[in-house]
Amino acid sequence: KYFFTGSIVLILTRLIFVNKLNQWKKVRVINVAFLFAIAALILGFSMNILLSSFVLILMGIFYGSAHGLLYPTLNAYFVEITPKRSGKATLVFLLLFSSGNTLASFLYGIIADHYGYPTIYFISASVILVSLIIFQRKSIYKKMKILLKF
């Protein structure tokens, strides 16, 4: 019965912050969303120890907030760094986002089958933490601009 907490929070996040997302600095919003995602995944990793409805609700709040903030902000960021090719930037973003989700789902299914769900939460949190660190580096902005100038 707590399954839809993340979906409800995601929808509310987008509805409440729709105007603010365009005003706030995109890099800060992306950083906060990454931190929310890491918090949700750490809670998922600790579900064997902390199993309770409160933990599930908190996990849904963090995950819903992360996704609600991250998806539109990253899309806008891609478009912002390639203003002359906004259509291509949007298509590349959608392609990479969907491909990443598909590949991760496939790989995490295999990992969960062999090692259990806590392991995929831990790996996901680690991947997002590394992504956050990489995103902090100024050189990534230049690399993203070069990638999108084709």
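The paragraphs below set out a description of the structure included in this document. Bear in mind that the values here come from a model prediction, so they are computed numbers and not experimental data.

Examining the overall build of the protein chain
And then number 1: Assigned secondary structure in the protein chain consists of eight helices and zero strands.
And then number 2: Split into buried and exposed, the 150 residues of the protein chain put 36% on the buried side.
And then number 3: Considering only contacts within the protein chain whose residues lie at least 6 apart along the sequence, 72% involve residues at least 24 apart.
And then number 4: Of the roughly 9900 Å² that the protein chain leaves accessible, carbon and sulfur atoms contribute 71%.

Examining helix 7 (residues 117–136)
And then number 1: Over its 20 residues, helix 7 extends 29 Å from the first C-alpha to the last, a length consistent with the 28 Å expected when each residue adds 1.5 Å.
And then number 2: All buried positions along helix 7 are accounted for by Pro118, Ile120, Ser124, Ala125, Ile128, Leu132 and Phe135. End-on view of helix 7: buried residues confined to an arc of 160°, all on one side of the axis.

Structural notes on the pattern of salt bridges
And then number 1: Throughout the structure, instances matching the rule amount to one salt bridge.
And then number 2: Across the pair Lys26 and Glu80 runs a salt bridge, and its minimum N-O distance is 3.3 Å. Residue Lys26 is located in helix 3 (residues 26–45), and its partner Glu80 is located in helix 5 (residues 53–81); the two are separated by 54 residues in the primary sequence.
And then number 3: Here Glu80 falls in the partly exposed class, since its relative accessible area comes to 46%.

Here we look at the nonpolar core
And then number 1: Residues Ile30, Phe34, Leu70 and Ile128 are the most contacted members of the largest nonpolar core, which totals 22 residues.
And then number 2: Going through the elements one at a time, helix 3, helix 5, helix 6 (86–115) and helix 7 are the ones with two or more residues in this core.
And then number 3: If we ignore the near neighbours within four places in the chain, the residues touching Ile30 are Leu70, Thr73, Leu74, Tyr77 and Phe135.
And then number 4: Grouped together as the second largest cluster of nonpolar side chains are five residues, Ala40, Leu43, Val55 and Met59 included.

What to know about the side chain of Asn31
And then number 1: Considering the arrangement of structural elements, one finds Asn31 in helix 3.
And then number 2: Aside from chain neighbours lying at most four places away, what touches Asn31 is Leu132, Phe135 and Gln136.

What about the packing of helix 3 against helix 7?
And then number 1: Relative to each other, helix 3 and helix 7 sit at 160°, their axes nearing to 8 Å. With respect to helix 7, the axis of helix 3 lies roughly antiparallel. In terms of crossing hand, the pair formed by helix 3 and helix 7 is left-handed. Between helix 3 and helix 7, the residues in contact are Val27, Ile30, Asn31, Phe34, Leu35, Ala37, Ile38, Leu41, Ile42, Gly44 and Phe45 and Pro118, Tyr121, Phe122, Ser124, Ala125, Ile128, Leu129, Ser131, Leu132, Phe135 and Gln136, respectively.
And then number 2: In terms of residue class, the contact of helix 3 with helix 7 is built from 17 nonpolar, five polar and no charged.

A closer look at helix 3
And then number 1: In this model helix 3 runs 28 Å from its N-terminal to its C-terminal C-alpha over 20 residues, within 8% of the 28 Å that 1.5 Å per residue would give.
And then number 2: The set of residues buried in helix 3 consists of Lys26, Val29, Ile30, Asn31, Ala33, Phe34, Ala37, Ile38, Ala40, Leu41, Leu43 and Gly44.
And then number 3: If you follow the buried residues of helix 3, they end up packed against helix 2 (20–23), helix 4 (47–50), helix 5 and helix 7.

As for the packing of aromatic side chains
And then number 1: Enumeration according to the criterion identifies seven aromatic pairs in this entry.
And then number 2: Consider the rings of Phe17 and Trp24, whose centres lie 5.5 Å apart with planes at 45°: the pair is tilted.
And then number 3: Through pairs of rings, three or more aromatic residues link up here, namely Tyr71, Phe78, Phe93 and Phe97.

Calculation rules
- Along each chain, the written sequence defines residue order, and numbers are assigned to residues from 1.
- The predicted nature of this model means local features are confined to residues of pLDDT at least 70 and side-chain atom pairs, given and counted, to a pLDDT of 80 or more, with totals for whole chains, interfaces and linings taken over all residues.
- For side-chain calculations, the full set of non-hydrogen atoms in the structure is used, while hydrogens and water are omitted.
- Only runs of H or I of at least four residues qualify as helices and only runs of E of at least two qualify as strands under DSSP, and these elements are numbered from the N terminus.
- Here's how the labels work: a residue is buried when its accessible area is under 20% of the maximum for its type, exposed when over 50%, partly exposed in between, all with a 1.4 Å probe on protein chains only.
- Whether two residues are in contact is decided by their heavy atoms, any of which lying within 4.5 Å being enough.
- Methods summary: accessible areas were calculated by the Shrake-Rupley approach with a probe of 1.4 Å, and residue burial reflects only the protein chains presented.
- A helix's residues, less one, multiplied by 1.5 Å, set its expected span.
- Directions drawn from the helix axis to the C-beta atoms are what define this arc.
- For salt bridges, the criterion is a side-chain nitrogen of Lys or Arg within 4 Å of an Asp or Glu carboxyl oxygen.
- What makes a nonpolar core is a set of buried Ala, Val, Leu, Ile, Met, Phe, Trp, Tyr and Cys residues whose side-chain atoms join them at distances within 4.5 Å.
- With axes taken as lines fitted to C-alpha atoms, and helix axes fitted only over the stretch in contact, angles between N-to-C directions fall between 0 and 180 degrees.
- Any angle that falls under 35 degrees is termed roughly parallel, while one over 145 is termed roughly antiparallel, one within 65 to 115 roughly perpendicular, and all others oblique.
- Less than a right angle of anticlockwise turn of the near helix away from the far helix marks a crossing as left-handed, whereas a clockwise turn marks it as right-handed.
- Note on residue classes: Ala, Val, Leu, Ile, Met, Phe, Trp, Tyr, Cys and Pro are nonpolar, Asp, Glu, Lys and Arg are charged, and everything else, Gly too, is polar.
- Stacked, tilted and edge-to-face pairs are distinguished by plane angle, under 30 degrees for stacked and over 60 for edge-to-face with tilted covering the rest, among Phe, Tyr and Trp rings (Trp via its six-membered ring) whose centres lie within 6.5 Å.

Any link to function would need more than the numbers given here.
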